[in-house]
Amino acid sequence: MPPRQTNLSSWIVIGILAITILVFLPALDNGLTNWDDPQYLIENPLIQRLSPDSIKEIFTKHFNGKYHPLTLLTHALEYSWFGLTARIYHLNNLLLHLINVVLVFALTRTLFRQPAIAVIATLLFAIHPLHIEPVAWITGRKDVLSTLFYLVALLSWISYIRNHAHKQWYYMLSFFCSILSQLAKASAVMIPLVLILLDYYFQRPMKRKIFIEKIPFLACAAWLGSFTWTAIKTLRDFPATELFSAIDRPFLSLYAIFLYLCKLIFPVTVSCFYPLPVKSGLWLPAGVYMVSVAMVFGGWLLWKKYRNLGRETLFTILFFVIPMVPLLHLIKINDSIIYDRFTYLPSLGVFLLLAKFYCHLTKDIDQSPHLINGRWLMRMLFPIYLLYLSFFSWQRVHTWKNSYTLWSDVIRQFPQSPLGYYNRAHASSELGRYELALEDISQVVKLAPNDPKGYLERGNVLMYFHQHDSAIRDFTTTLRLDPRQAKAHNNRGNAYVLADDTSRGIVDYTKALEIDPSYIDALVNRAMTYLLREEIPQALADLDAALHLNPANVLARQKRMEILNRR
């Protein structure tokens, strides 16, 4: 690239980064939310005791039914240096996003000869409202981190197939970064197929060598994929999978793709949660079937009429589809029909297609004098579209300020969804607004009378009002609906102890530990109850067990010191 063009490109990238910073800057004032942040940060002993043993455990065990050790390692480093200072976590997410913006520009500028396509696609990637979730949500770290290594792997592969000097080093760099990308988020398992897509785009002869050189990538993806699959099978947090048959899954996946495309092209409503379609007997809503059939039929017509789409167009379509495949509902059904964060990398394919279409359209208009007004119209509408996206995104960042604002937004859009009320009730409890929490959680019980989580949370709120008997009834209902709910046993134990029935309390704590032997709260609560009963050896044994699981547990250490000082 000539020096003049290089300087221009540098200024363009700086301008895009400046716009991105302005849009995302309010995220630095946001805090933690109760959506997975407690599991990953507040309640996660793995990141709170950085040591060789904890790092080994991070990389050899799955966490919460997932396997993304590199992401957990970044949180462990942040926690060891800055504790739970939310601004640091948000700042690092933003920095990763800014790096990704630069990498996206480098990739798109390499792929397309028209600089305008690279600029438009990069700008859309930088400021799109669907990208607020992975950047403004601390737990969204896995998406921005995985994408960083994903993009470096693709750029390195391009340098390798272009026969640059030291090409073998580029091959190794691509392979190494593909592993890091999968260690940050398992859905990057599709990298080998995207590398083959790049081979097609750059017109490499489809010989045996093309596939042989992918064997290390495929082997690594298969190994990490199998580890992730093992982790998924141990998780009990996908009850929706049992509600939908294998026949439903392709329809749900096609419907999800349709929603992703609609929101990527023109986002009108954006949420952290989109309820699944409600089945009526054996059938999904008619709209799901209509959309799915229309997408298949439309795709077939498009292929038939424009069979020779051209490499660039086909590349953009497949760049969206291939990374999206493991994120659809083909293996497991998530609680939400779509998630904004799932579009973070695949959206680049749609943005490239939009940019290519816009440049082609304005070029055709330039060549048609009788449509000169249309040309100016297009040039006026596009900046307005970008301003709309920028303002929408800036506004959306504020939605992630805290748990209350986040779930109030969900309730506003989906007032019949129990999840919004459940999480807002939890947020209200944390803020000490127990009356509001009781209103919301009662709404959950009304909307989902067979969901044990509603009764569990209502029992927790009733505890604050010292209504121990009512709380015990709700915890008992929770256990009737889900006998393996360790938290319900622990909390009912607390209610029994506060009602001066320590014997039943100990029975419940013990049952909670039978279900989950690593349940530190149950160990500490049982120890405290033993102290009330003056059963010192049992209390000391439980405190030692709690400290063995998490040496940083302040209450356990403090109570243990008190016991030893008494002796």
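This structure is a prediction, so every number in the text was calculated from the model and none was measured.

Some remarks on the environment of Arg533
Now for step 1: Inspection of the secondary structure puts Arg533 in the loop between helix H27 (520-532) and helix H28 (536-549).
Now for step 2: On the basis of relative accessibility, which here comes to 33%, the residue Arg533 falls in the partly exposed class.
Now for step 3: With 155 residues separating them in the primary sequence, Arg533 and Met378 have C-alpha atoms 78 Å apart.
Now for step 4: Side chain to side chain, Arg533 and Thr502 meet in a polar contact 3.0 Å long.
Now for step 5: At a separation of 3.3 Å, a polar atom in the side chain of Arg533 contacts the side chain of Ser503.

A word on a nonpolar patch on the surface
Now for step 1: Taken together, the side chains of Trp229, Val321, Val325, Leu330 and Ile331 make up a nonpolar region of the molecular surface, amounting to roughly 410 Å² of accessible area.
Now for step 2: On the basis of relative accessible area, Val325 is assigned to the partly exposed category, the value being 31%.

Thoughts on the packing of aromatic side chains
Now for step 1: If you walk through the whole model with that rule in mind, you get 28 aromatic pairs.
Now for step 2: Between Trp35 and Trp407, the ring centres sit 5.8 Å apart and the planes meet at 75°, which makes this aromatic pair edge-to-face. Pair noted here: Trp35 is in the loop between helix H1 (3-24) and helix H2 (37-42) and Trp407 is in helix H20 (residues 403-413), with a separation of 372 residues, a long-range link. With respect to class, Trp35 is no different from Trp407; both count as buried.
Now for step 3: Measuring from ring centre to ring centre gives 6.1 Å for Tyr274 and Phe414, while their planes differ by 70°; the resulting arrangement is edge-to-face. With a gap of 140 residues between them, Tyr274 in the loop between helix H15 (248-265) and helix H16 (286-305) and Phe414 in the loop between H20 and helix H21 (418-430) connect regions that are remote in the sequence.
Now for step 4: Site record: aromatic cluster; members linked through ring pairs are Trp35, Trp137, Tyr339, Phe342, Trp400 and Trp407.
Now for step 5: A cation over a ring is seen here: Arg341 above Tyr339, with NZ or CZ 4.3 Å from the ring centre.

Considering the packing of helix H9 (residues 141-161) against helix H11 (residues 191-201)
Now for step 1: Where H9 contacts H11, the two axes come as close as 10 Å, and the packing angle between them is 35°. When the axes of H9 and H11 are compared, the crossing they make is right-handed. Contact with H9, carried on its side by Tyr150, Leu154, Trp157, Ile158 and Ile161, involves Ile191, Val194, Leu195, Leu198 and Asp199 of H11 and no other residues of that element.
Now for step 2: Grouping the amino acids of the contact of H9 with H11 by side-chain chemistry returns 9 nonpolar, no polar and 1 charged.

Rules used throughout
- Residues numbered from 1 in each chain as written.
- Predicted model: local features only at pLDDT ≥ 70, side-chain atom pairs only at ≥ 80, totals over all residues.
- Heavy atoms only, no water.
- Helix = DSSP H or I, 4+ residues; strand = E, 2+ residues; numbered from the N terminus.
- Buried < 20%, exposed > 50% of the residue type's maximum accessible area, 1.4 Å probe, protein only.
- Polar contact = N/O pair within 3.5 Å; in protein donor to acceptor, adjacent residues only side chain to side chain.
- Patch = residues over 30% accessible without salt bridge, like charges linked within 9 Å, V, L, I, M, F, W, Y side chains within 5 Å.
- Areas by Shrake-Rupley, 256 points an atom, 1.4 Å probe, with all protein chains shown as cover.
- Salt bridge = Lys/Arg side-chain N within 4 Å of Asp/Glu carboxyl O.
- Phe/Tyr/Trp six-rings, centres within 6.5 Å; stacked < 30°, edge-to-face > 60°.
- Lys NZ or Arg CZ within 6 Å of the ring centre and 35° of its normal.
- Axes fitted to C-alpha atoms, helices over the stretch in contact; angles between N-to-C directions.
- Left-handed = near helix turned anticlockwise from the far one by under 90°.
- Contact = heavy atoms within 4.5 Å.
- Nonpolar A, V, L, I, M, F, W, Y, C, P; charged D, E, K, R; others polar.

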